[in-house]
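Structural description and commentary
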Amino acid sequence: MAYSCGSCGYRSIKWLGRCPSCGEWDSFAAQEANTKAEKDSASSWIGETLCPINEIDLGEIKRLKSGIGEIDRILGGGLIPGSVILFGGEPGIGKSTLLLQLAQSVARENGNVLYISGEESAAQIKLRADRLGVEDKHLYVLSEQSLSRIIASIKQVDPCVLIVDSIQATVSDGTLGEAGSVRQLRETSAKLTRITKSRKMTTFLVGHITKEGTFAGPKTVEHLVDVAIYLEGHRGEDTRILRSVKNRFGRTNEVAVFQMRTDGLKEITNPSRFFLEEQQREPGAGTVIVPILEGTRPILVELQALVSPTGGYRAPQRRSSGLDYNRVAVLLAVIERRLGIHTSDADVYLSIAGGLETRERATDLGIVAAVVSSLRNRPVTGRTVIVGEVGLSGELRRVKNLRERITEAEKLGYKRVIVPAVPKPPTRKRIDVVPTQTVEQAMDTLMLR
Ligand SMILES: Nc1ncnc2c1ncn2[C@@H]1O[C@H](COP(=O)(O)OP(=O)(O)O)[C@@H](O)[C@H]1O
Ligand SMILES: [Mg+2]
């Protein structure tokens, strides 16, 4: 006889009131009752026959177009029949919204879609659907938490796409643990995976994750699914980023950008243009344009610095949003030593527009330029984009995907790009590529010194 925590799976030979691993109270249950069920499920996997690899019949793997181009793109070109996609994100970020929109466009193009909600009533779903303009006779909606009834409805509707919103709200009858516990998550995901493969449908499992990425979250089923995508964003910002973190059929780290509106999430097919609202005007002092890499895709964004004298006896403030604070501290030291510019008696605020985030070293030179530009109250002119990692002795280092970043800047009509000196710097027709060795040199080129 053994006991295990229903929340995190921690095992113990005696019953415990509080789990030493996750701190949950009253979460221990005797394990024996479940071991037989576990054995059964392990032996009844997808049920294909043994055969040498050269004789496996692929048939024709045809990807289904979801009708939302950006989602198809980050999945690697559409939905693969028989695949399970984990769709994660914080509560309230827009998962149900986006999936209902996806359900509509799949139903319109491809046939039956079944949308199961374990969190909202059919009337609530209908309200949202009305707001989003979702209405298709091939879209079936069911408010249900019990896995066996969900499976019965799958057999009834025979959908090409199934959406389970959310996996934490789904319970497998006969499995111990409350909804959302690790055991339930594993069991329901495994059963839904099996039925997905055998019916050759595509299943989206919605998973809530919290900022802390709680233990009993969707991370525990990531290994079971074929694809994991996460919807991210910041409170107060209407930008949402959909990111693929695992994909058995395509690249990972692909990114799609959406904007949250009253009528749903709208895809942003040209993110650089979207994030550079005032791109036709020259930016003011303290603002520079940098290309950041989201997945493999460069996006041009505004990086802003505000440097102002601290005054009084206060300690100087340093704040950065969307940027790595520790990196900023290092760069301020480089500014001090290499450029002889003191910021120790000034408040320094840095941010990236649009609620984006980056930890890329390629924005180093942009940060330095923005700080110096703000401090000197001199703008960076000449429709200039800035790229480069800064070393501790002020030397500029190469960055990855430099060519793609330059191309994006050229495409958006920028005229000059400051880049680290590399052996064979790329040259372009419509944009002036300026290879630079050091921060000092870069500041001279930008006329900020
Ligand atoms: N009536 C409304 N008008 C505009 N936006 C709304 C409205 N109702 C909800 N929203 C937006 O939709 C978001 C909820 O999205 P939802 O898809 O339910 O999130 P999730 O499923 O990820 O928890 C809210 O945070 C809000 O921004
Ligand atoms: Mg929801």
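Summary of the structure given here. (Residues numbered from 1 in each chain as written. Chains lettered and ligands numbered in written order. Predicted model: local features only at pLDDT ≥ 70, side-chain atom pairs only at ≥ 80, totals over all residues. Heavy atoms only, no water.)

Core analysis: the largest hydrophobic core is formed by 44 residues, its most contacted members being Leu 303, Leu 350, Leu 365, Val 368, Val 371 and Met 443. Contributions of two or more residues to this core are made by strand E11 (255–261), strand E13 (287–294), strand E14 (297–309), helix H8 (325–339), strand E16 (346–352), helix H9 (364–376) and helix H11 (439–445). Per-element accounting of this core gives the leading share, seven residues, to H9. Residue-level mapping places this core at the junction of two domains, with at least three residues from each of domain 2 (62–269) and domain 3 (275–445). If near-sequence neighbours (up to four positions away) are discounted, Val 368 is found in contact with Leu 331, Ile 335, Leu 339, Val 390, Val 439 and Met 443. Counting 33 residues, the second largest nonpolar core, distinct from the first, contains Ile 85, Tyr 115, Val 227 and Phe 258. (Core = buried A, V, L, I, M, F, W, Y, C linked by side-chain atoms within 4.5 Å. Buried < 20%, exposed > 50% of the residue type's maximum accessible area, 1.4 Å probe, protein only. Helix = DSSP H or I, 4+ residues; strand = E, 2+ residues; numbered from the N terminus. Domains from an automatic or database assignment. Contact = heavy atoms within 4.5 Å.)

We now examine the pairing of E14. Bridge count between E13 and E14: eight bridges; the pairing is antiparallel. Looking across to E14, one finds that Val 290 is bridged to Val 301. The turn joining E13 and E14, which pair antiparallel and follow one another in sequence, is formed by two residues; a positive phi near 70° is taken by Gly 295. When E14 meets E16, the two strands line up antiparallel, connected through seven bridges. Residue Gln 304 lies in a different strand from E16, and its bridge partner there is Ser 351. (Pairing = 2+ DSSP bridges.)

Taking 1.5 Å per residue as the helical rise, H9 with its 13 residues ought to reach 18 Å, and the 18 Å between its terminal C-alpha atoms agrees with that figure. Burial analysis of H9 places 11 of its 13 residues in the buried class, which makes it a mostly covered element. By the burial criterion, the buried members of H9 are Asp 364, Leu 365, Gly 366, Ile 367, Val 368, Ala 369, Ala 370, Val 371, Val 372, Ser 373 and Ser 374. Asn 377 sits one or two positions beyond H9 and adopts a positive phi of about 55°. (Expected span 1.5 Å × (residues − 1).)

Going through the model one piece at a time under the given rule, you end up with two aromatic pairs. Summarising the aromatic geometry, the rings of Tyr 10 and Phe 28 are spaced 6.5 Å apart at their centres and angled 85° between planes, so their arrangement reads as edge-to-face. One end of the pair, Tyr 10, is in the loop between strand E1 (3–5) and strand E2 (11–12); the other, Phe 28, is in strand E3 (residues 28–30), with 18 residues separating them in the sequence. By relative accessible area, which is 35% here, Tyr 10 ends up partly exposed. (Phe/Tyr/Trp six-rings, centres within 6.5 Å; stacked < 30°, edge-to-face > 60°.)

Strand order in the open sheet made by the three strands is E2-E1-E3, with antiparallel pairing throughout. The strands lining the two open edges of the sheet, one partner per strand, are E2 and E3. Pairing of E1 with E3, which is carried by three bridges, proceeds in the antiparallel orientation. Along E3, the bridge assignment pairs Cys 5 with Phe 28.

To continue, consider empty space enclosed by the protein. All told, the structure shown has two cavities of 30 Å³ or more when counted by the stated rule. A volume near 40 Å³ is recorded for the largest cavity. Forming the walls of the largest cavity are Arg 63, Leu 75, Gly 78, Leu 79, Ile 80, Ser 83, Ile 85, Val 227, Asn 247 and Phe 249. Considering only residue class, the lining of the largest cavity consists of six nonpolar, three polar and one charged. (1 Å grid on protein atoms, 1.4 Å probe; cavity = no way out; pocket = protein on both sides within 12 Å on 5 of 7 lines; lining within 4 Å. Points joined across faces, edges and corners; volume = space filled by probe spheres on them. Nonpolar A, V, L, I, M, F, W, Y, C, P; charged D, E, K, R; others polar.)

On to the pairing of strand E7 (residues 161–165). The buried fraction of E7 is high, at five of five residues. Neither face of E7 is left uncovered, since the one carrying Val 161, Ile 163 and Asp 165 and the one carrying Leu 162 and Val 164 both have all their residues buried. Taken together, the five bridges between strand E5 (residues 113–117) and E7 define a ladder with parallel strand orientation. Within E7, the position partnered with Val 113 by the bridge is Val 161. The pairing of E7 with strand E8 (residues 202–208) spans four bridges and is parallel.

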